[in-house]
Amino acid sequence: MTESGKVRKALADWLPLWGPLGPQELKPAQFWSQGTSRASQRAPSLDLSCPDAGLREEAWQDRKKWLTPPELEPTQHVLTRAFILSPQPILYSYFRSSCSWRVRIALALKGIDYETVPINLIKDGGQQFSKDFQALNPMKQVPALKIDGITIHQSLAIIEYLEETRPTPRLLPQDPKKRASVRMISDLIAGGIQPLQNLSVLKQVGEEFQLTWAQNAIISGFNALEQILQSTAGTYCVGDEVTMADLCLVPQVANAERFKVDCTPYPTISSINKRLLVLEAFQVTHPCRQPDTPTELRA
Ligand SMILES: N[C@@H](CCC(=O)N[C@@H](CS)C(=O)NCC(=O)O)C(=O)O
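Now for a quick tour of the structure.

Reading guide: rules and limits
One numbering rule holds for all chains: residues counted from 1, following each sequence as written. Where local features are concerned, this predicted model is filtered to residues with pLDDT of at least 70; where side-chain atom pairs are given and counted, the filter is 80 or more; whole-chain, interface and lining totals use all residues. Counting from the N terminus, the helices are DSSP H or I runs at least four residues long and the strands are E runs at least two residues long. Counting other C-beta atoms within 10 Å of a residue's own tells you its class, since 20 or more makes it buried, 12 or fewer makes it exposed, and anything in between is partly exposed; those C-beta atoms are placed from the backbone. Contact between two residues is assigned when their C-beta atoms, built from the backbone, lie within 7 Å. In this description, strands pair whenever DSSP reports at least two bridges between them. Convention adopted: a line fitted to C-alpha atoms gives each axis, helices being fitted over their contacting stretch, and angles between N-to-C directions are expressed from 0 to 180 degrees. Handedness of each helix crossing follows the sense of rotation of the near helix against the far helix: counterclockwise by less than a right angle gives left-handed, clockwise gives right-handed. In this count, Pro and Cys sit with the nonpolar residues alongside Ala, Val, Leu, Ile, Met, Phe, Trp and Tyr, while Asp, Glu, Lys and Arg are called charged and the others, Gly among them, polar. Residues are classed as near a molecule or strand if the C-beta position derived from their backbone is within 6 Å of it. The span you would expect from a helix comes to 1.5 Å times its residue count less one. Among buried residues, those of type Ala, Val, Leu, Ile, Met, Phe, Trp, Tyr and Cys that are joined through C-beta atoms within 7 Å form a set called a nonpolar core. Each angle is binned into one of four classes, with values under 35 degrees roughly parallel, values over 145 roughly antiparallel, values of 65 to 115 roughly perpendicular, and all other values oblique.

**Observations regarding the overall build of the protein**
- Counting secondary structure elements, the protein contains 14 helices and four strands.
- Counting across all 299 residues of the protein, residues that qualify as buried make up 34%.
- The contacts of the protein with a sequence gap of at least 6 include a subset with a gap of at least 24, amounting to 68%.

**A short note on the sheet that holds strand S4 (residues 150-153)**
- One open sheet accounts for four strands, arranged S2-S1-S3-S4; its pairing is mixed. Across the chains shown, the open sheet's two edge strands, defined by having one partner strand only, are strand S2 (115-118) and S4. Strand-to-strand, the axes of this sheet are offset by a mean angle of 20°, without reference to chain direction.
- Alignment of strand S1 (residues 90-93) against strand S3 (residues 144-147), held across three bridges, turns out to be antiparallel. From the neighbouring strand, isoleucine 90 faces S3, where its bridge partner is lysine 146.
- Packing of helix H6 (residues 98-109) onto the sheet brings it into contact with S1 and S3, and relative to S1 it is tilted by some 155°.

**Here we look at unusual backbone geometry**
- The omega angle of the peptide bond from valine 142 to proline 143 is 10°, so this bond is cis rather than trans.
- Within the secondary structure, proline 143 sits in the loop between helix H7 (131-136) and S3.
- Not every positive phi belongs to a glycine, and aspartate 148 is a case in point at roughly 50°.
- In this model, lysine 260 sits at a positive phi of 60°, which is unusual for a non-glycine residue.
- Using a count of 9 C-beta atoms within 10 Å as the deciding quantity, one classes lysine 260 as exposed.

**With respect to the packing of H6 against helix H12 (residues 244-258)**
- Interaxial distance between H6 and H12 falls to 8 Å at its minimum, and their mutual angle equals 145°. Between H6 and H12 lies a crossing of right-handed hand. Across the interface between the two elements, Ser98, Trp101, Arg102, Ile105 and Ala106 of H6 pack against Leu247, Cys248, Pro251, Gln252, Ala254 and Asn255 of H12.
- Here the contact of H6 with H12 is built from residues that sort into seven nonpolar, three polar and one charged.

**Structural notes on the site of the ligand**
- Around the ligand, 16 residues are found, and the nearest of them are Ser97, Gln141, Ser155, Leu199 and Ser200.
- Elements represented by at least two residues in the shell around the ligand include exactly H6, helix H8 (155-165) and helix H10 (199-205).

**Observations regarding the pairing of S2**
- By the bridge criterion, four bridges tie S1 to S2 in an arrangement that is parallel. Bridge pairing links isoleucine 90 to glutamate 115 in S2.

**Quick look at H6**
- In this model, H6 (12 residues) spans 17 Å end to end at C-alpha, consistent with the 16 Å of a helix rising 1.5 Å per residue.
- For H6, the tally of buried residues reaches 11 of 12 residues, placing the bulk of the element in the interior.
- Residues of H6 that are buried sit in contact with S1, S3, H8, H12 and helix H14 (280-284).
- Remark: glycine 111 follows H6 within two positions and exhibits a positive phi of approximately 65°.

**A few points about the environment of proline 291**
- Mapped onto the elements, proline 291 comes out in the segment after H14.
- Considered as a pair, proline 291 and tyrosine 94 are 197 residues apart in the sequence and their alpha carbons are 9.3 Å apart.
- Dropping the residues within four chain positions of it, proline 291 is found in contact with Thr116 and Pro118.

**Side note on the nonpolar core**
- Membership of the largest hydrophobic core comes to 56 residues, with the highest contact counts inside it found for Ala106, Ile159, Ile185, Cys237 and Leu249.
- Taken together, the elements giving at least two residues each to this core come down to S1, H6, S3, H8, helix H9 (176-192), helix H11 (207-232), H12 and helix H13 (267-277).
- The greatest single-element share of this core, amounting to eight residues, is contributed by H12.
- Residues in contact with alanine 106, not counting those within four places in the same chain, are Ile159, Leu162, Leu171 and Leu247.

**Structural notes on H9**
- For H9, with 17 residues, the first-to-last C-alpha span of 22 Å sits near the 24 Å given by 1.5 Å per residue.
- Within H9, the full set of buried residues consists of Ser181, Val182, Ile185, Ser186, Leu188, Ile189 and Ala190.
- Buried residues belonging to H9 abut H8, H11 and H12.

**Some details on the packing of H9 against H12**
- At a minimum axis distance of 8 Å, the contact between H9 and H12 shows a crossing angle of 25°. Looking at the two axes, H9 sits roughly parallel to H12. Where H9 crosses over H12, the handedness of that crossing is left-handed. Two secondary-structure elements touch here, H9 through Val182, Ile185, Ser186, Ile189 and Ala190 and H12 through Met244, Ala245, Cys248, Leu249 and Gln252.

Now the structure itself:
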């Protein structure tokens, strides 16, 4: 392998989070000349512009410890510079939002570092209605993820994008039939339950009927889900690997608890939920441990 080939390989192995500075966008020779301090002065001009200069500056500050001493190997030098300049994804999230939690779990499982920008769905009449946020997501909902130079909303679309661009660990099984089951369960929750008990719908139902409305939506969905899981589940929703379906299940069970749904008629749902909740990715992303979790709800 040529030297520049080695650099490219090292970069590809070390840095799954390339964003707009993806290795494919720079020629190996450019990497190489960026990599040595003397040569970098002669480096062909590279477009190192990031969509968010402020973020880049922050990333630089955060990672000063990575700064390159002159004795460093050129390859390490390259990795350091590139790492510093690669912008972090930004997740627009609300601690209690079940759809945001799905995405947080996916990011945690795949080991993707990100910055959280909290969007408070209650404060100021709902920050999702601000002009700035509407420009990001015209649906006025969280989550939204800025990543690789694009903004994606709709939690399942985000998770599928992460799956396609950062395939390990896998969240969709290889077997097409199991994949279909995962998507079926995810859609059942994301399309058949959560939207019916979403904040904007509950506002329209009116305070007096909100609880019963939300409970009915969850109970009718869980009745179907319990039956489906009896044939698809192993340790988790589909077989023994954590999949996108599990990322939907846990936050939905949390919603069920919040709306005081009795989950004893759902032993399969409950036991899968219990097994998932002990996993680190589900714990660190829990609504009680987010940057915007109010003090009284922290655990
Ligand atoms: N289908 C969307 C639903 C997103 C959604 O409903 N988000 C809720 C929080 S979980 C929201 O932002 N609600 C704001 C509102 O209803 O005003 C997804 O999966 O991302």
